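# Structural overview for review
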6 protein chains.
Amino acid sequence: MTYANRQIDRAGAATIAGLAECGVATVHEAMGRRGLMSSKMRPIQQDQTIAGSAITVSAAPGDNWMIHVALELAQPGDVLVVAPFSPSDAGYFGDLMAESAQARGIAGLVIDAGVRDLRDLRRMGFAVWSTAVCAWGTVKETPGWVNVPVQCAGAIVNPGDVVVADDDGVVIVPREMADPVLAQSRARIEAEADKRRALRDGALSMDLYDLRSRLAAKGFTYR
Amino acid sequence: MTYANRQIDRAGAATIAGLAECGVATVHEAMGRRGLMSSKMRPIQQDQTIAGSAITVSAAPGDNWMIHVALELAQPGDVLVVAPFSPSDAGYFGDLMAESAQARGIAGLVIDAGVRDLRDLRRMGFAVWSTAVCAWGTVKETPGWVNVPVQCAGAIVNPGDVVVADDDGVVIVPREMADPVLAQSRARIEAEADKRRALRDGALSMDLYDLRSRLAAKGFTYR
Amino acid sequence: MTYANRQIDRAGAATIAGLAECGVATVHEAMGRRGLMSSKMRPIQQDQTIAGSAITVSAAPGDNWMIHVALELAQPGDVLVVAPFSPSDAGYFGDLMAESAQARGIAGLVIDAGVRDLRDLRRMGFAVWSTAVCAWGTVKETPGWVNVPVQCAGAIVNPGDVVVADDDGVVIVPREMADPVLAQSRARIEAEADKRRALRDGALSMDLYDLRSRLAAKGFTYR
Amino acid sequence: MTYANRQIDRAGAATIAGLAECGVATVHEAMGRRGLMSSKMRPIQQDQTIAGSAITVSAAPGDNWMIHVALELAQPGDVLVVAPFSPSDAGYFGDLMAESAQARGIAGLVIDAGVRDLRDLRRMGFAVWSTAVCAWGTVKETPGWVNVPVQCAGAIVNPGDVVVADDDGVVIVPREMADPVLAQSRARIEAEADKRRALRDGALSMDLYDLRSRLAAKGFTYR
Amino acid sequence: MTYANRQIDRAGAATIAGLAECGVATVHEAMGRRGLMSSKMRPIQQDQTIAGSAITVSAAPGDNWMIHVALELAQPGDVLVVAPFSPSDAGYFGDLMAESAQARGIAGLVIDAGVRDLRDLRRMGFAVWSTAVCAWGTVKETPGWVNVPVQCAGAIVNPGDVVVADDDGVVIVPREMADPVLAQSRARIEAEADKRRALRDGALSMDLYDLRSRLAAKGFTYR
Amino acid sequence: MTYANRQIDRAGAATIAGLAECGVATVHEAMGRRGLMSSKMRPIQQDQTIAGSAITVSAAPGDNWMIHVALELAQPGDVLVVAPFSPSDAGYFGDLMAESAQARGIAGLVIDAGVRDLRDLRRMGFAVWSTAVCAWGTVKETPGWVNVPVQCAGAIVNPGDVVVADDDGVVIVPREMADPVLAQSRARIEAEADKRRALRDGALSMDLYDLRSRLAAKGFTYR
């Protein structure tokens, strides 16, 4: 009953690279405010933004066997998305796996559980987002699933969806929405450029966004 | 029923600057151990200490409209204190608002909710203390209150109270207590200088604080 | 009824130094996956690994009196392990205590509660693992115990046990197991060296660990 | 610096009784959705609704001395509102205090901390809302404040405010708003009576609240 | 972009009734230990077991508009499964909605957020599982989705999946697996009947499950 | 390396029965406020008090194998104390195990993890304290330890220690302290009887405990 899907569809490389440039907050807004993982999903490093196609892993609690399967199926630029099917903060991923992932060109790891060997991971520059840091070891006893739909830190992830991750957290863009979301993200960034300049020069957002009349209409007053 | 108070009283600039120099732990002790926000209120940066007069914001959950109102009412050196009136970890504040806040000389933000665009906020050097990092977007639909008493991460904050924030967290000094608290904080620091020197030279706090006889009196023994 | 034990047995200095070199994740595995503290025990600094003999402190909630007792009983290289006997995130330890600890050659602090004066602690390079950062002050009213068995963040710690702490967290090695655990840790590191090289060169862990046949035997399939 | 205010103003008895009849959810709505305590504030019993004037207690963590002061100052029908000034889940209140509170006609207890002797409290029918159940004992060492503004489980409570508590939680009605809030609560209940009847008879809220056109206007479709 | 799917496929009524008889723990085991919601999903009542086809609701945080849409689309015996797309503990569901749901024959509610009017819900006997109890009001401002895949308290739920809920929590059975899972659940119950009798008569599970030799083979000893 | 100790020493039956009569809060006070488990350890039933000798179980996360070993080693009146050596909320214990435990006269279960089949457990009247309710299944793959010192929900438990549990939580009395603690508990109850009567008759604790002068001495005033 357990299995891996070898073939997944991916979004185009340029689209993925474009989404990385836009960043999590912008992409999340452009998607109509969906797809964001919970705020407990945090990076172990600072100042790194990645995007890539999701290789999804549905793992038994405290068992990292399926990550080994995923490492073989991933292509350069992919992102591993690991979700135990019952909550666990064991350390599923450490320096040896990171060596392998980096050797195979994997862009990073998003895991709704723990990682370990933090110092090594940071030294290697392998990008990780996790919900815990914990040295607790895992076993290879119970198979799970690779490249099936998973829920990870509150977001549904299908294999091949685009994962965008930065210091703000992680957002998932369904593969078939990747192009329109990129377009909307870029439009948003452009629209913000003028506002940013105006605000930097001391303009008030109350004027810029025309908020005064709407406020008054809702009965808001100044004293 | 919703409104903003335009005018608030502030402590003197020299007092505020003095409190910043003393730091959170000392000020909290000097106040008789009151006014500290919960330990879930954490800085997004390291090594930054600020103090300023509180512009308080009571916001609807997931709605950042009132921060725009506050940005206009704040004066250089003020600190925004934002508390949703029901818990939320949405990202109320990001890079555009930080541009505006910085342009207007605002000293920093303390928010019992989430912030986003972390990388930009850190790059700009805009000081933030928050209870979450989250890209989740907010709306401008429901007015709230600006410059009314709020409770933020467990502390009551009145507009014009002095906010002191550093790597240890955030403490609130009621405006009318600012001068005596500063005096007591400075006395405390002075009193600690000698002790620090003695401890650095290897003295034992058991002797320095004369703890041995009190311990024995409470029946404590060595084996 | 409250007391301190002056004399504790310690593991050998070379053993302790060896365990520090191995790091938390390796030592934890070598011990058969026991002794790890909970993932809420986090360092306040990055890139620091320590090991030392535990001076254990069982303290009243919000009361740091016993740490002063421990500072006198500790020897150079020891690690303070502090556990309130009821949960507390008060700031039991700050810059003055760190001055004293550093002057006496103490290797670091592990505390299931809060610390404060974070900026000073980091500047001084005094290594700390804690479950909270909080300026809340403590008192010296209620004696407790020093050098008795304690439970700290989920691990049982006996005085003289070896504490190993790094970016991954904290693991406790019972004193009488220190030598065999060091031997097993080193064996583990050696065994990993070849694997690391192979993985870095692009080998698959599926082959290296011979996982394919075991997977098939469990009914796992590829699609 | 610590003190109790003997005199507080109270809302009228009929108003208070009326608010109890309306219940927490209705009163909270009638107030414009303010004043609700956090969802971690839970009753220890089922099916009990109370309302009364708040006697507020600002207590040291793990110290219940001020509750004894409050027991003397309370009048029949009052509600004790206890908030430690730093988080604590110690058991501040047990059967002996409940005997005294009940003898003096106090309507109930709302506490942002722990209670104990649960079985006795339930047997006596003394109504309690707390954020923890914990036998941990408290001391009488550090004075605090009685009848000052406190923040309790996320709500600001002034002495004399009306506390309304039922199975849904606790809401605070500022004393001077008690009459208009009661009027609005009653209007709300009346308005709901017809709707309740219609819904019970199988009417759809989509029709009753006229939601179809507004939904379509926002671009919502059926497939 | 927001919409509701009117038509969903459902499992057979006999299958659904059969799954209710088996209960959550058995069904979860029969499914190979998948599909269980997190342990924070708790019933507001005791001793009630339900099963039904999922009408899924993906709602904006603090906005219950989509539940009104779902109430119209649900058929007798269905279960509402509500998941805000960002975490919220607001009270999405209260007595009026329960009147409507009960009038329309809906079997119960599973919600990854708050409910209110607890006393009324219990009195009416309308079965609810939620992650919070909270009176906080919701609005009808932002459309969402009805009958799309959602993630609810850690489980992925597709419209038409069978929801089984009892005192142990909630498990989701994918519609197409409902029949085989029922068969396996029943087989499991039958297999347990003999064991139950033997254990009640004092047999040891060590003998019944033949655990002694396996234990010894793993090096486990008695002292 | 894994093993069970067959023989443990127990306190006398009369002592154990006496401690049960005193209840958790009293025993905890009589012990000098030690030994209490965390407030997250909660009963699944109401109005039940038990006491018994601890059979301790140190189990692998998600693995209930050792409970089967413990069931054989326990004697009538004993209490199972189960602590996974890494946090887990899986459902380690359900109706079949309860049948066996009840058949063998075991007094109850205290577990720092989850239980399941709640309805059956309550129906059978088998007393349970746990930190979670969760149907998640466990395996029998990894041996652990039975009758060794464990830490359970923040308390250290040695085999043979007396476990006292009621609606307030769980407290552990070291076996060798059981008799003096019982004596002190009884003295405490006697001392409280008079106070209870006085308070019931309307006396003030301020007078009864002579709190006024001590308060004044600490500078507390009335306004």
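This one's a predicted model, so the numbers in the text were calculated from it and none came from an experiment.

Mapping chain C onto chain A leaves a residual RMSD of 0.0 Å; the transformation is a rotation of 120° accompanied by 0.0 Å of translation along its axis. The relationship between the two copies is best expressed as a three-fold rotation axis.

Glancing now at the relation of the copies chain D and chain C. Here chain D sits on chain C after a turn of 180° about the axis and a move of 0.0 Å along it, with an RMSD of 0.0 Å. Taken together, the rotation and translation describe the operation of a two-fold axis. For chain D, the residue whose C-alpha comes nearest the rotation axis is D:S88, separated from it by 3.6 Å. Most of the interface of chain D is mirrored in chain C, where 100% of its interface residues are also at the interface.

Attention shifts here to the pairing of strand β11 (residues 162-166) of chain E. Across the 5 residues that make up β11(E), a large majority, 5, are buried. Linkage of β11(E) to strand β12 (residues 169-173) of chain E, two consecutive antiparallel strands, is achieved through a turn of 2 residues.

Right, let's talk about the packing of helix α1 (residues 13-22) of chain B against helix α6 (residues 178-200) of chain B for a bit. Residue and element names in this part refer to chain B. Where α1 contacts α6, the axes come no closer than 10 Å and their chain directions differ by 35°. Crossing of α1 against α6: the hand is left-handed. Two secondary-structure elements touch here, α1 through A14, T15, G18, L19 and C22 and α6 through A178, D179, V181, L182, S185, R186 and I189. Here the contact of α1 with α6 is composed, by residue class, of 7 nonpolar, 3 polar and 2 charged.

Listed as interface residues are 6 residues of chain D and, on the opposing side, 6 residues of chain C. Among the residues chain D hides against chain C, the three largest losses belong to D:F85, D:S86 and D:W136. Together they make up 67% of the total. Linking chain D with chain C are 0 residue pairs in polar contact (both at pLDDT 80 or more), by the criterion used here. In terms of residue class, the side of chain D that touches chain C is made up of 4 nonpolar, 1 polar and 1 charged.

Before going further, it helps to examine the interface of chain C and chain A. On the chain A side, the residues contacting the 36 residues of chain C number 37 residues. When the two sides are added together, the surface that chain C and chain A hide from each other amounts to roughly 3,400 Å², 54% of it contributed by carbon and sulfur. The interface formed by chain C and chain A holds 7 salt bridges in total. A salt bridge links C:D47 to A:R119; its shortest N-O distance comes to 3.6 Å. Here chain C and chain A share 19 residue pairs in polar contact (both at pLDDT 80 or more) between them. Secondary structure elements with two or more residues in the side of chain C that touches chain A: α2 (24-30), α6 (178-200), α7 (205-208), α8 (212-217) and β13 (221-222) of chain C. Counting residues per element, the side of chain C that touches chain A draws most heavily on α6(C), at 5 residues. Looking at the side of chain C that touches chain A residue by residue, the classes come out as 12 nonpolar, 9 polar and 15 charged.

Turning next to the confidence of the model for chain A. Taken as a whole, chain A shows an average pLDDT of 96; of its residues, 100% reach a score of 70 or greater. Both scores are available for the predicted complex, with the pTM at 0.92 and the ipTM at 0.95.

Oppositely charged side chains can form a pair if their charged atoms are brought close together. Per the stated rule, a full pass over the model turns up 93 salt bridges over all chains. In this structure, A:R196 and B:D95 form a salt bridge, with 2.6 Å as the shortest nitrogen-oxygen distance. Residue A:R196 is found in helix α6 (residues 178-200), and its partner B:D95 is found in helix α4 (residues 95-103); the two belong to separate chains. One salt bridge in this structure joins D:R200 and E:E99, with 2.6 Å as the shortest N-O distance. Taken together, the positions of D:R200 in helix α6 (residues 178-200) and E:E99 in helix α4 (residues 95-103) put the pair across two chains.

Calculation notes
- Residues numbered from 1 in each chain as written.
- Chains lettered and ligands numbered in written order.
- Predicted model: local features only at pLDDT ≥ 70, side-chain atom pairs only at ≥ 80, totals over all residues.
- Heavy atoms only, no water.
- Least-squares fit on C-alpha atoms with pLDDT ≥ 70 in both.
- Contact = heavy atoms within 4.5 Å.
- Buried < 20%, exposed > 50% of the residue type's maximum accessible area, 1.4 Å probe, protein only.
- Helix = DSSP H or I, 4+ residues; strand = E, 2+ residues; numbered from the N terminus.
- Pairing = 2+ DSSP bridges.
- Axes fitted to C-alpha atoms, helices over the stretch in contact; angles between N-to-C directions.
- Left-handed = near helix turned anticlockwise from the far one by under 90°.
- Nonpolar A, V, L, I, M, F, W, Y, C, P; charged D, E, K, R; others polar.
- Buried area = accessible area lost by both parts, 1.4 Å probe.
- Polar contact = N/O pair within 3.5 Å; in protein donor to acceptor, adjacent residues only side chain to side chain.
- Salt bridge = Lys/Arg side-chain N within 4 Å of Asp/Glu carboxyl O.
- pLDDT = per-residue confidence, 0-100.

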